Each structure stands twice: as C-alpha cells, then as structure tokens.
Amino acid sequence: MPSLHILDQVAIPKGQSAQETLVHTTELAKLAETLGYERYWFAEHHSMRGLASTAPEILMAHIASHTSTLRTGSGGILLPQYSPFKVAEVTRQLEALYPGRIEIGVGKSPGGIERTRLALTDGVKKELSQFDRQLEDLLFYLSDSLPSGHRHAGVKAAPLVDSYPPVWLLGLGENSAIQAASLGINYIFGHFILPARGRQAFEAYRSHFSPSVFSRQPQSMFAVFVICADTDEEASRIATSTDLWLLRVEKGLDSRVPSIEEAENYHYTEQEKKKVLQNRQRMIVGSKQTVKEQLQILMDRYQTGEIMILNNSFDPMEKQRSFERIAELF
C-alpha cells in the first residue's frame, strides 16, 4: 500500500490574491489529513509574483497548528543561502512545538537569479560549492555532534529536544542520491523537475546507504505532478492550465496560474508544443484508472511506495477533487 503526501508550491491562480490562495492551502491540508495523506510539505521560492510560499517554516507551523496528525515539512529549504545553525534552530523550535510531526527537506537550488540570491544573503556572495559542508554542519547541529575541531565547536542549537527530526535531501540524480546515502539521511527525487535520472538515483541511494542517527535504513520517495479527473479527456483539459503555467515559469514570465479558458485560447508555437509534450513527462494526467496505472509504473521503476504529489490547477475545488480521487485509489 503506497503512502501519499503533498508538496505545495502555493501557486496563485490569476484573479486570486496570495491571502485567498493561502486560505485554500489551509483547507486543502485539513482535507488531506482526513483523506489519509501523511505529509504536507511546502516549497521555497522567492521574488515570484505567482508563488506564495516564500517561508516554508512559517507555513509548516501554520499547517501543524490546524491539523493534528499530519507531518509537515519543507521541500525544500534553500540551504546555500542560509546559516546551517539558523536552519537547525528553526527546525528544533518547530520540533519543540509539534513533536514528531516536523521534517526538513533541503536543496541545493540557488533560489533564483543572482540579484535575488544576493538579496537573500544581504549581499554576501555564497558559493554553491559550500553546500556539502553546510549540509554536514546542519546535521551536526541537529544531532549535537559538532567535532571538537570544528570552527563553531561548543555551539548548540536550541531549544534542546529529545528527537531528531527527519532530514531529506532533494535531488535530481545520482550525485545527490549518493550524498544522502553517505550521510544516512532520506532522499526525495524530483521527478516533477527532471525525470530522466530517477531509476539511477534510487539505485545509487540504496546501494550506498549508511545508517545514521537520522535514519537506520534507506527511506526515499519521488515527487510528481498529478492531475486526476473523471476521464482522461477531462484531466487533460484541466492540465492545459499547468502546461501554460510551466511554459511561462520556465521563460521567467508571469508565474500566476492561468485559467483553462486562457490556456485553451493560447496560440502555441511549434517549439512550445514540443515543450508541452516534454513537460507532460513530468506529470501524470488522467482518470483514476490511468493515474493508478502510471503511479504503479513509477513505484515499480523507483522501488518505493512513497509518493509526493503536486497539483497547481487553476480551480482550488478541482484541485481538492483530484486529491480526493487519488486517495480513493489506495
């Protein structure tokens, strides 16, 4: 029996405010808990008009306060832009508030264009090459195991807690998978971003895994866009909105989600049509039967039953119905 989870980018539909979208996000999280979804994570994006998840830690606390069993996490915190010590303290603060329900996913993404990155670091140029060291430091702080020779030896992340919140590394291929495995932390593959190297990534993760205080055995999942409707045709129609949204986001254009009507009336160039077909490889779109079959193919390919689902549909009610249908499958 697969385990179902949600990754929310909090994409704002055209004509809706950030505040309205966040209300719908809260409603979706509460519904997800009743439907049996186990995790509700938030992405981190900056300086984008159409995405309302800039501080996943705050949204994690908000959703945890409105649910009782749902695990909430980040997918993921942009560690290269921050202090590992600060991330560790925020994590521990959340763990103290909601014991056993907090997870931290971290990623190597730069977080946007150079101008945005410099604004995040207050003008300090931070190299992505420091990520490996930062990730190790984060784990040291979370487990109170800073080596005696470390430059910050003696510093402890507060508040002190009795448990180790799970740490997940977000990745797109073998390198990130091996890094997660060698550190003994969990791994999530971003099929919704770049599906090509998934099988190799999961094989590398399992074969290189070394147990740690964070995880005694390999734990992995994959993240994928899923739109589930009553028929394949209706699902494909709903997905046209996501098709156009992805095209515009990739071009650095308007990141608000267009309506289905706008998407259907859009005149695609031949190159854009090819890109839409390519992007559909990042999605599962169809009826309940089609979605179940396609999810099973990915579970078999990746050898994991942990599925994290994204859905950036224009209509929040249709988004809810899609998650309801998926829950009914299993």
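Because the structure is a prediction, the values reported are computed rather than measured.

Draft legend 1. Spatial organisation of the nonpolar core. Counting 66 residues, the largest nonpolar core has Y37, L135 and I185 as its most contacted members. Looking at this core, the element that brings in the most residues is helix α5 (residues 131-142), giving 6 residues. Among residues more than four places away in sequence, those in contact with Y37 are L4, H5, I6, A32, L70, I309, F323, I326 and A327. The next biggest cluster of nonpolar side chains, apart from the first, holds 24 residues, and it includes I227, I238, I260 and M283.

Draft legend 2. Representation of the packing of helix α11 (residues 288-302) against helix α12 (residues 316-329) within the structure. Here α11 crosses α12 at 65 degrees, and the two axes come no closer than 10 Å. Between α11 and α12 lies a crossing of right-handed hand. Only R325, I326, E328 and L329 of α12 make contact with α11, whose side of the interface consists of K288, V291 and K292. Looking at the contact of α11 with α12 residue by residue, the classes come out as 3 nonpolar, no polar and 4 charged.

Draft legend 3. Region of the structure containing the pattern of salt bridges. Per the counting criterion, the structure on display carries 23 salt bridges. Between D243 and R280 there is a salt bridge, and its shortest N-O distance comes to 2.8 Å. Pair noted here: D243 is in helix α8 (residues 232-250) and R280 is in the loop between α10 (270-279) and β8 (283-286), with a separation of 37 residues, a long-range link. Judged by its relative accessible area of 4%, D243 is buried.

Draft legend 4. Local environment of the layout of surface pockets. Estimated volume of the largest pocket: approximately 1,000 Å³. No other element matches α8, which puts 4 residues into the lining of the largest pocket. Counted by class, the lining of the largest pocket contains 20 nonpolar, 15 polar and 5 charged residues. Taken as a whole, the second largest pocket encloses approximately 190 Å³ of empty space. H191, P195, V224, R280, Q281, M283, I284, Q294, I297, L298 and R301 are the residues that line the second largest pocket. Breaking the lining of the second largest pocket down by element, the ones donating at least two residues are β8 and α11. A per-class count over the lining of the second largest pocket returns 6 nonpolar, 3 polar and 2 charged.

Draft legend 5. Structural view of the environment of V213. Considering the arrangement of structural elements, one finds V213 in the loop between α7 (198-208) and β7 (220-228). Contact partners of V213, with chain neighbours within four places excluded, come to S143 and Y164.

Draft legend 6. View of empty space enclosed by the protein. Scanning the model with the defined rule gives 2 cavities of 30 Å³ or more in all. Computed from the structure, the largest cavity encloses a volume of approximately 140 Å³. T21, H24, T25, P316 and K319 are the residues nearest the centre of the largest cavity, which is lined by 16 residues in total. Looking at the lining of the largest cavity, the elements that each hand over two or more residues are α1 (18-35) and α12. Considered class by class, the residues forming the lining of the largest cavity number 7 nonpolar, 6 polar and 3 charged. Of the voids in this model, the second largest cavity is the one considered here, and its volume is about 40 Å³. Looking at the second largest cavity, the residues that line it are I6, L7, D8, Q9, L28, Y40, I309, L310, N311, N312, K319 and F323. Within the lining of the second largest cavity, the residues separate by chemical class into 7 nonpolar, 3 polar and 2 charged.

Draft legend 7. Region of the structure containing unusual backbone geometry. With omega at 0 degrees, the peptide bond leading from G75 into G76 counts as cis. Along the chain, G76 turns up in strand β3 (residues 71-78). In this chain, A158 is followed by P159 through a cis amide linkage whose omega measures -5 degrees. Examined against the element boundaries, P159 turns out to sit in the loop between α5 and β5 (167-171). Phi angles above zero are rare outside glycine, and V10 is one such case at about 50 degrees. Counting through the fold element by element, V10 comes out in the loop between β1 (3-8) and α1. Positive phi outside glycine occurs at D144, with the angle close to 50 degrees. Inspection of the secondary structure puts D144 in the loop between α5 and β5.

Draft legend 8. Fine view of the packing of aromatic side chains. Applying the stated criterion across every chain yields a total of 14 aromatic pairs. Seen in terms of ring centroids, F189 and F202 are 6.0 Å apart; in terms of plane orientation they differ by 65 degrees. Their pairing is edge-to-face. Of this pair, F189 sits in strand β6 (residues 186-190) while F202 sits in helix α7, and the two are 13 residues apart along the sequence. A network of ring pairs unites the aromatic residues Y187, F189, F202, Y205, F209, F222 and Y302 as a single cluster. Directly above the ring of Y302 sits R301, whose terminal nitrogen or CZ lies 5.9 Å from the centroid.

Draft legend 9. Helix α3 (residues 84-97), seen in detail. Helix length check: α3, at 14 residues, gives a terminal C-alpha distance of 20 Å against a target of 20 Å (1.5 Å per residue), a fit within 8%. All buried positions along α3 are accounted for by P84, V87, A88, T91, R92, L94 and E95. Angular distribution of buried residues about the axis of α3 spans 160 degrees; they occupy a single face of the element. Turned more than 90 degrees away from the buried face of α3, the exposed residues are K86 and L97. The inward-facing, buried residues of α3 abut α2 (56-66), β3, β4 (102-107) and α5.

About the thresholds
Residues numbered from 1 in each chain as written. Predicted model: local features only at pLDDT ≥ 70, side-chain atom pairs only at ≥ 80, totals over all residues. Heavy atoms only, no water. Core = buried A, V, L, I, M, F, W, Y, C linked by side-chain atoms within 4.5 Å. Buried < 20%, exposed > 50% of the residue type's maximum accessible area, 1.4 Å probe, protein only. Helix = DSSP H or I, 4+ residues; strand = E, 2+ residues; numbered from the N terminus. Contact = heavy atoms within 4.5 Å. Axes fitted to C-alpha atoms, helices over the stretch in contact; angles between N-to-C directions. Left-handed = near helix turned anticlockwise from the far one by under 90°. Nonpolar A, V, L, I, M, F, W, Y, C, P; charged D, E, K, R; others polar. Salt bridge = Lys/Arg side-chain N within 4 Å of Asp/Glu carboxyl O. 1 Å grid on protein atoms, 1.4 Å probe; cavity = no way out; pocket = protein on both sides within 12 Å on 5 of 7 lines; lining within 4 Å. Points joined across faces, edges and corners; volume = space filled by probe spheres on them. Phe/Tyr/Trp six-rings, centres within 6.5 Å; stacked < 30°, edge-to-face > 60°. Lys NZ or Arg CZ within 6 Å of the ring centre and 35° of its normal. Expected span 1.5 Å × (residues − 1). Arc of directions from axis to C-beta.

Treat this as a map of the structure, not an account of what it does.
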